[in-house]
Each structure stands twice: as structure tokens, then as C-alpha cells.
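# Understanding the architecture of this molecule
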Amino acid sequence: MRIARFSIDGNVAFGAVEGDKPDELVLDIIKGIPFADFELSGTKVPLSKVRLLPPVLPNKVVAFGRNYAEHARELGNEVPDAPFAFFKPSTAVIGPGDAIQYPSFTEDLQHEAELAVVIGRMCREVPRERVADVVLGYTCALDVTARDVQKREKQWARAKGFDTSCPLGPWVETDLTLDAAKDLTIQLTVNGEQRQLGRTSEMIHSIEDLVVNISEAMTLLPGDVILTGTPAGVGPLHVGDEVAVTIEGIGTLTNKVVKRG
């Protein structure tokens, strides 16, 4: 099931996305929330009539860096022996179609396409064999990075945590198994030109590794998001660029870069 979060006529709801053709997609409004038992209402609205929102509002976004060897090397970094985590605040999250605001404090904004894992239940110290049980599904993510600030400052709070630096969407795909999520094509284009192309099978540390690693330290809540790293090919973004992340079996997340007003 593809679960989207949307607004229509000033109301916010979750809905199950139905259909195959982009111009014929409809939303069956969900009774309740997707983190507990729910029913489909049978009330359907065309996707074209709603505004898609971030598919979840995470309490925290846990991101893992340098999880693809070629990406680590392209930036001159060593491949870490253990998962390397940082955080993006909830204020960084935006949805499909929302604007990425180019911060005034950077001159080198860059894109990083990522598979995002959405947590479905409160959990802590998750054993490897139970990881699939705590995952609601998967979505597309863009880790927007102020690369010059990242290089200049020893920790990455400003470089990766600024407002609008974490687009998510377009929806959460819940039918992907954990095994299937381990080998998906991930692609990023800027103005239609391919910049990044890789497979999630190239991850150094698996989805299980990442969930086990971070849940050893802290409680994960329903709706929390784990970013799993980016393949090689990261590069600059400029005001006016349209950037799109496409992940096999999930969909496409598209955002445009604007000048921060």
C-alpha cells in the first residue's frame, strides 16, 4: 500500500494511493492513522485535487553518512568501519513539490538522493531479526547539504539541518519487504539530467545494521525516519533547479530550489 499524507479544503488526512497511471491516481481516505489499525473509508478523491504533504511528521530524522563507498571516496573521505549517524530536525522536513530554500550562509548547496526508512512502532534495542517488524515502509528522501559549511564546521547541524533540507515523499510504500528494499535502483536528476544512479545493494551497512545501531542508543517513535546514505554523484544545486529523486518500487519526489526570502 502507498500511504500519502495530504491536505484538502484546509483539512489534513492520510490516504491510500490507488491506480497506476499518474493522471488517474486517487486517494482512499484512511480512518485513523497508519501507525495503528485503520480502515479505508471508501471516500476517494483524485490526487490532482489535493496537496501532498510530507508523508510523515517525524519526531527525529536520523541520517547515516558515508554509507556508500564510492560516495565517501568522491568527497575524499574514508569508509567508516561502523555506521556514522547525524540528525536533521523536524523543521528540515518538507514534502513533494515544496520549495528548497537556498540558505544565505552557503555558496555550495548540493544534492544527496537517499532511501528513507519510516518507523511504524515505538521501539528500542531492536534485534536484527525483528527489524522488519518495526518498519512501516519506505519513501524517497533528499539530504540537501551546504557542502562548504559541512567542510568548514566540525559538526553538521547547520550544514545538513537547515530549514527545507529534508524533502520526503511522495508517499510511504508499505508493500516493499526488507529484502526487496536492499536492492532498489536509486536515481537523481536535476532539470531532467541524471546526476546520481546507484542501487541500495551498494550500502556498506545494511538497513538492519542502521536500525540496530541507532535503536541501541535511543527510542524510535512511530513516524521517525532513517536516511540510509547516498550513492556517488552528488553535485551542486542552484536557484531555479528542479531536482527529482526516483526510487524503484516507490515513486518520484520532486522539489524546486528557490532563493530564501
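To be clear, the structure that these remarks concern was listed above.
Read on for a plain summary of the structure. (Residues numbered from 1 in each chain as written. Predicted model: local features only at pLDDT ≥ 70, side-chain atom pairs only at ≥ 80, totals over all residues. Heavy atoms only, no water.)

## Side note on the layout of surface pockets
Of the pockets and cavities examined, the largest pocket occupies roughly 240 Å³. In terms of lining, the largest pocket is formed by 20 residues, of which the most central are Arg 66, Leu 75, Asn 77, Gln 150 and Trp 156. Here the lining of the largest pocket is built from residues that sort into five nonpolar, six polar and nine charged. (1 Å grid on protein atoms, 1.4 Å probe; cavity = no way out; pocket = protein on both sides within 12 Å on 5 of 7 lines; lining within 4 Å. Points joined across faces, edges and corners; volume = space filled by probe spheres on them. Nonpolar A, V, L, I, M, F, W, Y, C, P; charged D, E, K, R; others polar.)

## Notes on the packing of aromatic side chains
What the rule picks out here adds up to three aromatic pairs. Relative to Trp 156, the ring of Phe 86 has its centre 5.2 Å away and its plane inclined at 65°; by these criteria the two rings are edge-to-face. Linking Phe 86 in strand E7 (residues 84–88) with Trp 156 in the loop between helix H3 (147–152) and helix H4 (157–161), this pair joins segments that are 70 residues apart in sequence. Overall, the relative accessible area of 13% leaves Trp 156 in the buried class. Ring geometry for Phe 105 and Phe 162: centres 6.1 Å apart, planes at 80°, overall edge-to-face. Pair noted here: Phe 105 is in the loop between strand E9 (99–102) and strand E10 (109–111) and Phe 162 is in the loop between H4 and strand E14 (166–173), with a separation of 57 residues, a long-range link. (Phe/Tyr/Trp six-rings, centres within 6.5 Å; stacked < 30°, edge-to-face > 60°. Helix = DSSP H or I, 4+ residues; strand = E, 2+ residues; numbered from the N terminus. Buried < 20%, exposed > 50% of the residue type's maximum accessible area, 1.4 Å probe, protein only.)

## Digging into the pairing of strand E2 (residues 11–18)
Summarising the sheet, strand E1 (residues 2–8) and E2 pair through seven bridges and their orientation is antiparallel. Paired with Ser 7 across the bridge in E2 is Val 12. Joining the antiparallel neighbours E1 and E2 is a turn of two residues, in which Asp 9 adopts a positive phi near 55°. Here four bridges tie E2 to strand E3 (residues 26–31), and the two strands are oriented antiparallel to one another. Bridging from a neighbouring strand, Val 17 pairs with Leu 27 of E3. (Pairing = 2+ DSSP bridges.)

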